[in-house]
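Tertiary structure, described
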Amino acid sequence: MGTRETPQANAAGSDDPLLAVENLTTVFNTDKETIHAVDGVSFDVREGETVGVVGESGSGKSVTARSILGLVERPGVIESGSIRFRGDELTGDNWDRYRGDISIVFQDPINSMNPVYTVGNQIREALRIHQGLRGQDAREEAIRLLEEVGIPDARRRVGEYPHQFSGGMRQRAVIAMALACDPDLLVCDEPTTALDVTIQAQILELLDELQREEDLAILFITHDMGVIEDTADRVNVMYAGEVVERAPVDQLFDSPAHPYTRGLLASIPGQTAESDRLPTIGGEVPTPTAEPTDCRFADRCPEAFDACEQVHPDHVRIGSDHTAACLLHEDRYDRQLSASGAGDDTPAGDAAVDGGGQR
Ligand SMILES: Nc1ncnc2c1ncn2[C@@H]1O[C@H](COP(=O)(O)OP(=O)(O)OP(=O)(O)O)[C@@H](O)[C@H]1O
Ligand code: NI
């Protein structure tokens, strides 16, 4: 989806990104263990752009999304880190202030709507809460929103119940509900996963249009690299609670630096002939329960070597705006270390570790 050339300064006149997540750690304290579902994640979203978060099931994408919206429920808790919206810290109790500015669209449109109220009622309720609209004004605006998301015959359908909508139409209605808050940031958590491919493409097209028309920033969560390619401007690849690579979408596809990213790319249908396709990465995402002392991907990594079991990799700079947390790029760490040493003439900045929210 389109990015603006220049990230716009926000109302406060500063250069803060719209959303800045720094070192976010969200844990679930169960009887047995502490699950680090999100473990030191950092990324930002600028106005009007689409930032992707991609990773397999269990990598912590949804917990990241819920953390941003203040929707983590017990036994989950945001343990540390910062989430700033327009420069204001949200963690603590500040979510209500921005409740309408950040909206979320979930995967499953049927559970996102209340079956006992008409679609129109639900949109009008959101309009009342977030924009103070009532009566005929709210009704007209609900119809306009349904038209905007491409629901034909909106004036009639506004009075129908969710079960009278097909899956694709229901997801459009859910998006209309999310837009009723007039958000600046739309968090989409696998919004098309439950839909068939044709409908999926239509919903992605709709989001793209809305982004241009409404100047929305989108945080797009998916396990599907193909969808990432179609939607994202910049991408964060998540594995076992951590961001392991981040890059502009072209760079990620042209020169993926982390073996995990390469594995995800190799599994895109259509990217390679069915017969040539690499088997998807064997095994599954481990549940991150302890502080990592190794690379969490090491035991599934086709390129792992001894040190991968002993060192937790920091992010290292691969290119402009491109970092990866992998010891394969160890030479860059060495250069970075010597660059910071006194009297060394290695050019600084060549491989500066950006922190990346990693230890
Ligand atoms: N309520 C909970 N209690 C305990 N652990 C949880 C809870 N919710 C999530 N987790 C754990 O947090 C980790 C990340 O889960 P999350 O739902 O964010 O993954 P995901 O990347 O969104 O996966 P998917 O693609 O399946 O949606 C998992 O290990 C999961 O078991
Ligand atoms: Ni999820």
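Residues numbered from 1 in each chain as written. Chains lettered and ligands numbered in written order. Predicted model: local features only at pLDDT ≥ 70, side-chain atom pairs only at ≥ 80, totals over all residues.

An unreviewed UniProt entry lists the protein under the name Nickel import system ATP-binding protein NikD, from Halobaculum gomorrense. UniProt, in its Subcellular location (unreviewed entry) section for the protein, records the words "Cell membrane". The Catalytic activity (unreviewed entry) comment attached to the protein in UniProt states, word for word, "Ni(2+)(out) + ATP + H2O = Ni(2+)(in) + ADP + phosphate + H(+)". (UniProt positions renumbered as here; feature names shortened; annotations may be inferred.)

1. Quick word on the overall build of the protein
Helix and strand content of the protein: 10 helices and 12 strands. Put simply, the protein has 359 residues, and 43% of those count as buried. Excluding contacts between residues fewer than 6 apart, the proportion of contacts in the protein whose partners are at least 24 apart in sequence is 65%. (Helix = DSSP H or I, 4+ residues; strand = E, 2+ residues; numbered from the N terminus. Buried ≥ 20, exposed ≤ 12 C-beta atoms within 10 Å, placed from the backbone. Contact = placed C-beta atoms within 7 Å.)

2. Regarding helix α3 (residues 135-148)
The end-to-end C-alpha distance of α3, which contains 14 residues, comes to 20 Å, matching closely the 20 Å that a straight helix rising 1.5 Å per residue would cover. Those residues of α3 lying buried are A138, A142, L145 and L146. The buried residues of α3 all sit within an arc of 100° when viewed along its axis, so they share a single face. Those residues of α3 that are exposed and angled more than 90 degrees off the buried face are Q136 and R144. Buried residues along α3 sit in contact with α2 (119-131), α4 (154-157) and α5 (167-179). Within two residues after α3, G150 carries a phi angle of roughly 85°, on the positive side. (Expected span 1.5 Å × (residues − 1). Arc of directions from axis to C-beta.)

3. Looking at the sheet that holds strand β10 (residues 242-248)
Spatial strand order, β6-β7-β8-β3-β9-β10-β12-β11: 8 strands in an open sheet with mixed pairing. Whereas interior strands pair on both sides, the edge strands pair on one side only; in this sheet they are β6 (102-105) and β11 (316-319). Sheet twist, expressed as the average angle between the axes of neighbouring strands with direction ignored, equals 20°. Strands β3 (50-54), β6, β7 (185-189), β8 (217-222) and β9 (234-239) of the sheet are contacted by helix α1 (residues 61-68), whose axis makes an angle of about 150° with β7. Here α5 sits on the sheet in contact with β6 and β7, set at roughly 170° to β6. (Pairing = 2+ DSSP bridges. Axes fitted to C-alpha atoms, helices over the stretch in contact; angles between N-to-C directions.)

4. Quick word on the nonpolar core
Proteins that are soluble and globular tend to have nonpolar side chains buried together. If you look at the biggest cluster of nonpolar residues, it comprises 91 residues, and the most contacted ones within it are A173 and A176. The greatest single-element share of this core, amounting to 8 residues, is contributed by α5. If near-sequence neighbours (up to four positions away) are discounted, A173 is found in contact with M113, V119, L146, I151 and F165. (Core = buried A, V, L, I, M, F, W, Y, C linked by C-beta atoms within 7 Å.)

5. A look at helix α9 (residues 259-266)
For α9, the complete set of buried residues consists of P259, Y260, T261, G263 and L264. For α9, the secondary structure elements touched by its buried residues are β3, α7 (225-231), β9, β10 and α8 (249-254).

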